[in-house]
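# Inside the fold
Read off the chains here:
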Amino acid sequence: MPLTTEMCPYCGEELKRMQLPGSTHFIRIQCECEGAVAARRAEMIERRSDVLRMAWEHTGVPKRYLDVKPDFASLDKLTDGHGLYIFGVRGVGKTHHACEILKAYVAKNTSSAGWCSARFISASKWLDGISECYGKWNASAEDAFQTAANTGLLVFDDFGKVSRVSEWSLSKLFRLVDERYCEMKPTVFTSKYSLSQLAERFDAIDPESSGDMISRIRETCERIEMSGDDLRLGQSA
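Since the structure is predicted, the reported quantities are computational estimates derived from the model, not experimental observations.

Definitions and cut-offs
Residues numbered from 1 in each chain as written. Predicted model: local features only at pLDDT ≥ 70, side-chain atom pairs only at ≥ 80, totals over all residues. Heavy atoms only, no water. Disulfide = S-S within 2.5 Å. Phe/Tyr/Trp six-rings, centres within 6.5 Å; stacked < 30°, edge-to-face > 60°. Helix = DSSP H or I, 4+ residues; strand = E, 2+ residues; numbered from the N terminus. Buried < 20%, exposed > 50% of the residue type's maximum accessible area, 1.4 Å probe, protein only. Patch = residues over 30% accessible without salt bridge, like charges linked within 9 Å, V, L, I, M, F, W, Y side chains within 5 Å. Areas by Shrake-Rupley, 256 points an atom, 1.4 Å probe, with all protein chains shown as cover. Salt bridge = Lys/Arg side-chain N within 4 Å of Asp/Glu carboxyl O. Lys, Arg positive; Asp, Glu negative; His and termini not counted. Charge placed at Lys NZ, Arg CZ, Asp CG, Glu CD. Expected span 1.5 Å × (residues − 1). Arc of directions from axis to C-beta. Contact = heavy atoms within 4.5 Å. Core = buried A, V, L, I, M, F, W, Y, C linked by side-chain atoms within 4.5 Å.

## What about the state of the cysteines?
- For the coordinates displayed, the defined rule picks out zero disulfides.
- The thiol sulfur of Cys33 is not disulfide-bonded, and the nearest other cysteine sulfur, from Cys31, lies at 3.7 Å.

Here's what the structure looks like:
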């Protein structure tokens, strides 16, 4: 069956053919005209955009923060296992800033071959889930723990915002921080408490676990204090 002639839709030139080695089959060579190259580039960008969108949603980031802009400058601070501790009063954009960094990480480390390892986890929800397993630790609970412990970049949101922390649950928090510390995995914490205030809250429960945990965070995380008016009040006005 004779090969049909195919023209480039952008420049009108006939597309050349190349015979596959050791075969009777031919393939058409892509045109290198400006229009064809631009079309292939646009297709690659669109395909990468789809992959990035799926990878970004896979992190568990809340819907409210899906459209944040990536902050590559802040991402550069996350080297050699070092992270960030972002703290300040409510409504100043701590979670928003953490999500900007997370999105930059996803964009930098995701390829068409696979998604990167990154997670957004609410500290209070995570701790509630862990606490429900008190006395009956099982494979499901361990999986949830390992998801947080092993991810490449973890955003641990609202750290310290818990109504009740037991000595047992504090030991799980310490284990999480310690495992990521030992494996040099960066963590971005957000909290309304400074580390000193957080230490006061946890010292009353278990001063040893509290002190060891805060010490590791101090060593590995740059502290960023955010201040200002409650942005949520302005949005609802």
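## Some details on the packing of aromatic side chains
- Scanning all chains against the criterion turns up eight aromatic pairs.
- Consider the rings of Trp126 and Phe145, whose centres lie 5.9 Å apart with planes at 40°: the pair is tilted. Residue Trp126 is located in helix H4 (residues 123-131), and its partner Phe145 is located in helix H5 (residues 139-150); the two are separated by 19 residues in the primary sequence. The two residues Trp126 and Phe145 agree in class, both being buried.
- Among the aromatic residues, those joined into a cluster by ring pairs are Tyr85, Phe87, Trp126, Phe145, Phe156, Phe159, Phe189 and Phe202.

## Some words on a nonpolar patch on the surface
- Residues Met18, Leu20, Ile27 and Ile29 make up a contiguous nonpolar surface patch of about 310 Å² in total accessible area.
- With respect to the helices and strands, Met18 occurs in strand E1 (residues 17-19).

## Regarding a positive patch on the surface
- Residues Arg64, Arg90, Lys192, Arg201 and Arg232 make up a contiguous surface patch of positive charge.
- Given the relative accessible area of 32%, Arg201 is considered partly exposed.

## So, helix H8 (residues 207-220)
- In this model H8 runs 20 Å from its N-terminal to its C-terminal C-alpha over 14 residues, within 8% of the 20 Å that 1.5 Å per residue would give.
- Restricting attention to buried positions, one finds in H8 the residues Ser209, Ser210, Met213, Ile214, Ile217 and Thr220. For H8, the buried positions fall inside an angular range of 140° around the axis, keeping them on one side. In H8, the exposed residues that point more than 90 degrees away from the buried face are Pro207 and Glu208.
- Tucked into the core, H8 has its buried residues touching strand E3 (83-88), helix H6 (167-182), strand E6 (187-191), helix H7 (195-203) and strand E7 (221-226).

## Notes on the nonpolar core
- Within the largest apolar cluster, 30 residues are counted, with the highest numbers of intra-cluster contacts made by Tyr85, Trp126, Phe156, Phe159, Leu173, Met213 and Ile217.
- Of all the secondary structure elements, the ones that give two or more residues to this core are E3, H4, H5, strand E5 (153-157), H6, H7 and H8.
- The element contributing the most residues to this core is H6, with five residues.
- With residues up to four places along the chain from it excluded, the contact list for Leu173 reads Trp126, Leu127, Phe156, Phe159, Phe202 and Met213.
- With 25 residues, the next largest nonpolar core counts Val61, Ile86, Tyr105 and Leu153 among its residues.

## Topic: the pattern of salt bridges
- Counted according to the given criterion, the structure contains six salt bridges.
- Between Glu179 and Arg175 there is a salt bridge, with its nearest N and O atoms 2.9 Å apart. A residue pair is termed a helical-turn pair when its members lie 3 or 4 positions apart in one helix, as Glu179 and Arg175 do in helix H6 at four residues.
- The network of salt bridges with shared partners includes Glu142, Arg175 and Glu179.

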